[in-house]
Amino acid sequence: MSIKRTDPMVYHKEMEMIPSDLLDKVLKHVDNYDYFNDTKRDVEQALSKEQLSFKDFGALLSPAATPYLEEMAKKAGSETKKHFGNNICLFTPLYIANYCENNCVYCGFNCKNKIRRGKLSMAEMDQELKTIAKTGLKEILILTGESRHHSGVEYIGAGVKLASKYFSTVGIEIYPLNSDEYAYLRKCGADFVSVYQETYNCIKYEQVHLSGPKRVFPYRFYAQERALMGGMRGVSFGALLGLDDFRKDAFATGLHAYLIQQKYPHAEIGFSTPRIRPFINNADNNPNDVHERQLLQVMLAYRLFMPYAGITISTRERAGFRDHVIGMVATKISAGVRVGVGGHEQEDKGDEQFEISDPRSVPAVHQMILARGLQPVYSDYIRV
Amino acid sequence: MKDQLVIGGHPFNSRFILGSGKFSLEMVKAVVENGGAEIVTLALRRANLKGEENILEYIPPQVTLLPNTSGARTAQEAVTIARLAREINCGDFIKVEVIKDSKYLFPDNYETIKATEILAKEGFIVMPYMYPDLNVARALVNAGAAAVMPLAAPIGSNKGLCTKEVIQILVAEIMVPIIVDAGIGRPSQACEAMEMGVDAVMCNTAVATAENIPLMAKAFCLAIEAGRKAYLAGLGRVLTGAAEASSPLTGFLEE
Ligand code: SF4
């Protein structure tokens, strides 16, 4: 069977188009970014500055910065402390569904992958949320696979409403929406929206998103902006490191976040730094050239470029790595994670999206944070 | 007579106000003990009042709580947070913070004035965090503020008295206590602010990012006291030109 390939730059008719030039701006800078041109001197310059220019940010992401990792870490540590003190926010994700209409070649949820699909009923969701709330957590991230059909906006809205009964902060990581739909979810109690662009390289983007609405590159790119137009408090950014040239993708991610922040000064900005992981039916999926050293470099560059932004460290990374990056650069860590559908109270109803490396419970992560002289923070937001 | 700081009719012996937001909980206690602070801020959004980690257990009972409205983006949100603070028995003091800028965290003076007015009418002892400006300070006093809290520099920057000139004007013109909030990075800067005649200094990052936190708290405590004493003593003049002869040059004139 041959699939008709669609143009990834063309919106589907139900997709809202907003007047914004951020995409052009980001892509223009990324096109001009050649990290092989960055020298030690550029890195030293960047390290001596209080406010980094785009060029400085690029230098910190370049190979020339590799010998400066220790210095970057020291500076990032003091910036993190200045802006966040000792606080490390705790949260957990809850997958409420794993149906997906997209065919992303790097992901276990993709519609071509034969996995167990499921979605939680409202009663099941309530049970799960209650169980999680008992651990003391106050922040939750609701996730679905990307299927409007199986997990529609109404369904997600109902889940968010439930979640906001038990949690003071509700984040959502779902498929991109139109601004009025974000406004609706905001009303239901959602506070933060995460949408990961995966890669900012349009050609690669087209190659790895074979079919489904996710294939539309600009619609995804403008999701954060539409979320803020819908009244969300904050938005998160991330590229899937290792999918394409991770330096360019990290550079683009930073600029994207920076420009959004300029345009919406009230927006709270967050970064995630997922690397490619093995997943069901594809155990060899590996993060190419993004090893821990490179991953840390990206995190440090984000911190130095946007010192006030939150950075989340994923459960995809091993415990030892996570323990060392909190406080130095990361400000948010997940605990008690299950990446199947549900799975906190009852048997999970669907397979996992990827393998996690750090299965520690909330009390275990709590203890680890204290042992590092940091303060676990459960509640960082008040619903008014 | 004792030299006390009086805010909304409540007397305090210490002029060191501690922001607690950037400390580990058990640190708060150590810092209060070493710094002698009698007022400690509490971010209501952080307060985990029912869970295991209740910050109130770490703040000694003789200390006055100053809940703040951090997280509020509008006057209305600040008002709601203040009312919540009162409901959970945090007392009548409230530090109004309304911030719509997530990068520099500069306060929104306009919304702050509106919130101050509403809360003062409801009987709160309102201490607004402000971007230093004489007209705004006056408006805050007219709205019922019990003190005003101008920033010295961007929050967390440890840069010191960047807004010195304006703060000096506020000291001269505003009749409620002036508390320098945000930006003070060193004890010497706190001391300088106190010498200028501000009534109290609030610190958080400067202490929280020190290597020896309790010791830095002590240093701030002493510096604030020293600055206050110097202010009360009346600083000697600073000469700009040549040295002044101790027997006046005009002594030869006949009366
Ligand atoms: S990455 Fe998201 S959209 Fe793509 S297959 Fe996985 S769940 Fe679906």
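All of these numbers come straight from a predicted model, not from anything done at the bench. (Residues numbered from 1 in each chain as written. Chains lettered and ligands numbered in written order. Predicted model: local features only at pLDDT ≥ 70, side-chain atom pairs only at ≥ 80, totals over all residues. Heavy atoms only, no water.)

### Details of the overall build of chain B
- Of the regular secondary structure elements, chain B holds eight helices and 10 strands.
- In terms of overall size, chain B behaves like a compact globule, its C-alpha atoms giving a radius of gyration of 20 Å where 255 residues would be expected to give roughly 18 Å.
- Oriented by its inertia axes, the alpha-carbon framework of chain B measures out at about 80 × 40 × 40 Å.
- A buried classification covers 53% of the 255 residues belonging to chain B.
- Considering only contacts in chain B between residues 6 or more positions apart, those separated by 24 or more positions represent 64%. (Helix = DSSP H or I, 4+ residues; strand = E, 2+ residues; numbered from the N terminus. Rg over C-alpha atoms; globule rule 2.2 N^0.38 Å. Buried < 20%, exposed > 50% of the residue type's maximum accessible area, 1.4 Å probe, protein only. Contact = heavy atoms within 4.5 Å.)

### Examining the pairing of strand S5 (residues 234-237) of chain A
Residues and elements named next belong to chain A.
- Side chains of S5 alternate between two faces, with Gly234 and Ser236 and Val235 and Phe237 buried alike.
- Alignment of S5 against strand S6 (residues 268-272), held across four bridges, turns out to be parallel. Within the sheet, the bridge partner assigned to Gly234 lies in S6 and is Glu268.
- For the segment spanning S5, helix H11 (residues 246-263) and S6, crossover handedness is right-handed. (Pairing = 2+ DSSP bridges. Right-handed = clockwise from strand over helix to strand, strands pointing away.)

### Examining the UniProt feature "binding site: 1-deoxy-D-xylulose 5-phosphate" (unreviewed entry) in chain B
- Those residues carrying the UniProt feature "binding site: 1-deoxy-D-xylulose 5-phosphate" (unreviewed entry) are Gly156(B), Ala182(B), Gly183(B), Asn204(B) and Thr205(B) in this numbering. Their sequence span is 50 residues, while the largest C-alpha to C-alpha distance among them is just 9.0 Å; these annotated residues converge on one region.
- Take Gly156(B): it is sitting in the loop between strand S8 (149-150) and helix H5 (164-173).
- Those residues within four positions of Gly156(B) in sequence are excluded, and the remaining contacts are Lys82(A), Lys22(B) and Thr205(B).
- Accessibility expressed as a relative area gives 16% for Asn204(B), which makes it buried.
- Those residues in contact with Asn204(B), other than ones at most four positions away along the chain, are Gly19(B), Ser20(B), Gly21(B), Lys22(B) and Phe23(B). (UniProt positions renumbered as here; feature names shortened; annotations may be inferred.)

### Digging into the site of the ligand
- Taken together, 10 residues surround the ligand, and among them Cys100(A), Cys104(A), Cys107(A), Asn110(A) and Lys214(A) come closest.
- Of the residues contributing to the shell around the ligand, the split by class is five nonpolar, three polar and two charged. (Near = heavy atom within 4 Å. Nonpolar A, V, L, I, M, F, W, Y, C, P; charged D, E, K, R; others polar.)

### What to know about empty space enclosed by the protein
Residue and element names in this part refer to chain A.
- A complete count under the given rule lists two cavities of 30 Å³ or more for this structure.
- Space inside the second largest cavity adds up to approximately 30 Å³.
- Taken together, Lys49, Glu50, Leu52, Lys75, Glu79 and Leu304 form the lining of the second largest cavity.
- Here the lining of the second largest cavity is composed, by residue class, of two nonpolar, no polar and four charged. (1 Å grid on protein atoms, 1.4 Å probe; cavity = no way out; pocket = protein on both sides within 12 Å on 5 of 7 lines; lining within 4 Å. Points joined across faces, edges and corners; volume = space filled by probe spheres on them.)

### Regarding helix H3 (residues 54-61) of chain A
- In terms of burial, H3(A) is largely enclosed, as six of its eight residues are buried.
- Contacts made by the buried residues of H3(A) are with helix H2 (40-48), helix H4 (69-84), H11 and helix H12 (292-305) of chain A.

### Overview of the side chain of Glu139(A)
Residue and element names in this part refer to chain A.
- Locating Glu139 in the fold gives a position in strand S2 (residues 139-143).
- The buried category is assigned to Glu139, whose relative accessible area is 11%.
- Engagement of the side chain of Glu139 in a polar contact is seen with the side chain of Lys332, the distance being 2.6 Å.
- Not counting the four nearest positions on each side in its chain, Glu139 is found in contact with Leu90, Phe91, Thr92, Phe167, Thr169, Lys332 and Tyr378. (Polar contact = N/O pair within 3.5 Å; in protein donor to acceptor, adjacent residues only side chain to side chain.)

### Structural notes on the pattern of salt bridges
Residues and elements named next belong to chain B.
- Within this structure, the stated rule accounts for 35 salt bridges over all chains.
- Two residues, Asp3 and Arg15, come together in a salt bridge whose shortest N-O distance is 3.0 Å. On the criterion of sequence distance, the pair formed by Asp3 in the segment before strand S1 (5-7) and Arg15 in the loop between strand S2 (10-12) and strand S3 (16-18) is long-range, its members being 12 residues apart.
- The closest approach of N and O atoms between Asp181 and Lys95, which form a salt bridge, is 2.7 Å. Here Asp181, found in strand S9 (residues 179-181), pairs with Lys95, found in strand S6 (residues 93-96); they are 86 residues apart in sequence, far enough to count as distant. You'll find Asp181 and Lys95 in the same group, each marked buried. (Salt bridge = Lys/Arg side-chain N within 4 Å of Asp/Glu carboxyl O.)

### Some words on the interface of chain A and chain B
- Contact residues are listed per partner, giving 31 residues for chain A and 29 residues for chain B.
- A combined buried area of about 2,500 Å² lies between chain A and chain B, and 45% of that area is made up of carbon and sulfur atoms.
- If you sort the residues of chain A by the area they bury against chain B, Lys82(A), Ile382(A) and Val384(A) come out on top, with a joint share of 22%.
- Taken together, the connections running from chain A to chain B amount to four salt bridges.
- Its salt-bridge partner being Arg46(B), residue Asp380(A) comes within 2.6 Å of it at the nearest N-O pair.
- Taken together, the links from chain A to chain B amount to 18 residue pairs in polar contact (both at pLDDT 80 or more).
- Contributions of two or more residues to the side of chain A that touches chain B are made by H4, H11 and strand S9 (375-377) of chain A.
- Element by element, the count of residues in the side of chain A that touches chain B is highest for H4(A), at four residues. (Buried area = accessible area lost by both parts, 1.4 Å probe.)

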